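Spelled out from the first residue to the last, the chains are:
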Amino acid sequence: MISASKQGGSGYDIRHESAMSKLYSRRDFLRAALASGVLPILPRFVRAASPVPKRLIAGTRVLEVNGRPAKVFGLTGPDGRPGIRLAPGERFCVDLVNQAGTRTIVHWHGQLPPWTQDGFPWPQTPPIANGLVQTYDYSPIPGTYWMHSHHGLQEQRLMAAPLIVHDDAELREDRQEVVVMLHDFTFRAPDEVLATLTGTSVDAARAMAQRAEETAGRKGATHAPEPRTAGMAADAPGLGMPTMDMSRPGGMQMDLNDVHYDAFLANDRTLADPEIVQVERGGRIRLRIINGATSSQFWIDLGELVGRVVATDGHRVQPVEGSRLPVAMGQRLDILIDLPRAGTFPILVRLEGTGRQTGIVLATPGAQIPRIADSAQAAEPVDNSLEARLTAADPLPPRPADIVRTITLRGGMKPYAWSMNGEYWPQVSPLMLRKGQRVEIDLVNHSMMAHPIHLHGHAFQVIAIDGRSIRGAVRDTVLVTPMMGRVRIAFDADNPGRWAFHCHNLYHMVTGMMTEFRYEEIAA
Ligand SMILES: [Cu+2]
């Protein structure tokens, strides 16, 4: 059920009529009930059928970063902590209360709800006005997920939080859960960051971020921006050859880190004052790492500890051991750790291509907490070295594909614009799907940057990396490495709707790198 009400008002005040497929069926039921004269018992019946919604407040808060106050957004759950945690078998039944002072819409990243509850600003499901409440109610899939605003550039101002769905098997393991939510942080307004990147005014940048929703998916809409054609934004030296960047020693190099950030946060804190998590001597930990950064990718550095990666993006994989583990934007890692002794164990998170780092500290009782510098030896660019070693625990059943498509990723820094198949969102041609089809997408990266590509509403399996077939991880976000990096994914079209498919670098997304997968039975 999706519904909206004035906060504190009595009864539901329906806003998003066209979005409410489930509501329509409830209305049909109401009509039938009216005809049969059973209406008086309906409200109690409906209430008994659904659990009491958990309140999730989209609001603002003040953090202290590098000794300065910073006003940011936040998503606060019923227990006062960021985000939502669900017990095994519990429905995702949530009242999203918008107290952010502005419109918002929140996406349940990696979850598989009906499309009208996905939290993407389609014309049928516009953002929620300040002061309104929207109810979401669907059956969640277990694992490490997260939620973030899909409106404008709010994600950069930390409108993001964990979404953890427990299951019985995991609870039986009896491990201490440690969630680490990562952010990149800037004191600058996100519009200003986008304006600097694109070489436009702040007003033009703001309009660019907004326009994406107003014209979502309408190719050739009359008020759409001027088409940006190849030559202007596609990789200049033409067809798929990496460019030589002569401005740097060594010539050909990939680009990293479009934005210079003031800080990197782990659970909203820097290493100047990190979160200290009390653990037992010999403790057994399940670390849930969430890369909620807007434009940054990291290496997780477990120091002397050896972890076992047991799930990626919430989906189980055959365990893989490691102490330095890459995590691209939007991705999650579940890492099991068995502590070898008493003491302190920093879990560090290093920005790719630099030595800048953030993190948390696991500490047994009485342990001395050392001071940890916020810089270290420079880390390599994030790559698919881990991805190539992953094997799904629950792979897709083998079958031939009904649809195979190549999607090229292009773009560059000057001008700053990014595309899929040469198209810039919102002027895109949707890939049309039919329910029941097996779909394979070959992602080919013609640009000098890596792109973490995210599909809404479906979990896909990584079936080839750089031309080598694997029985890879099932996940929702995969990194396509630069300079002709290639990743093939497969999924079953089992969730009819309109679904976004985009780069999870927010600045790449709002300058064009997004398209739509649409089922034939769904009207635009
Ligand atoms: Cu990208």
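Residues numbered from 1 in each chain as written. Predicted model: local features only at pLDDT ≥ 70, side-chain atom pairs only at ≥ 80, totals over all residues. Heavy atoms only, no water.

**Q** An account of the coordination of the copper ion is needed here, citing residue identities and associated values.
**A** Protein coordination of the copper ion is provided by His-451 (ND1), Cys-503 (SG) and His-508 (ND1), with donor distances spanning 2.0 to 2.1 Å. Written as a sequence motif, the donor residues of the copper ion are H-x51-C-x4-H. You can see His-451 sitting in strand 25 (residues 451-455) and its partner Cys-503 sitting in strand 31 (residues 498-503), a full 52 residues away along the chain. Taking relative accessible area as the criterion, Cys-503 reaches 0% and is therefore assigned buried. (Donors = N, O, S within 2.8 Å, 3.2 Å for Na, K, Ca; no water. Helix = DSSP H or I, 4+ residues; strand = E, 2+ residues; numbered from the N terminus. Buried < 20%, exposed > 50% of the residue type's maximum accessible area, 1.4 Å probe, protein only.)

**Q** Any details on the pattern of salt bridges? Residues and values, ideally.
**A** Opposite charge on two side chains makes pairing possible when the charged atoms of those side chains draw close. With the rule as written, the count across this model stands at 31 salt bridges. One salt bridge in this structure joins Asp-476 and Arg-332, with 2.7 Å as the shortest N-O distance. With Asp-476 in the loop between strand 28 (474-475) and strand 29 (477-480) and Arg-332 in strand 18 (residues 332-338), this pair connects stretches of sequence that are 144 residues apart. Arg-332 matches Asp-476 in its accessibility class, with the two residues each being buried. We note a salt bridge from Glu-516 to Arg-498, for which the minimum N-O separation is 2.7 Å. Of the two residues, Glu-516 sits in strand 32 (residues 514-519) while Arg-498 sits in strand 31, which places them 18 residues apart along the sequence. (Salt bridge = Lys/Arg side-chain N within 4 Å of Asp/Glu carboxyl O.)

**Q** I'd like to hear about unusual backbone geometry, residue by residue, with values.
**A** Residue Pro-415 follows Lys-414 across a cis peptide bond; omega there is -5 degrees. Mapped onto the elements, Pro-415 comes out in the loop between strand 21 (403-412) and strand 22 (417-420). Here the amide bond leading from Trp-425 into Pro-426 is cis, since omega sits at 5 degrees, within 30 degrees of zero. The topology assignment puts Pro-426 in the loop between strand 22 and strand 23 (431-433). Here Leu-158, not a glycine, exhibits a phi torsion of approximately 70 degrees, which is positive. Its location among the elements puts Leu-158 in the loop between strand 8 (143-149) and strand 9 (160-165). Residue Asp-313 is not a glycine yet carries a positive backbone phi of 50 degrees. For Asp-313, the location among the structural elements is in the loop between strand 15 (307-312) and strand 16 (315-322).

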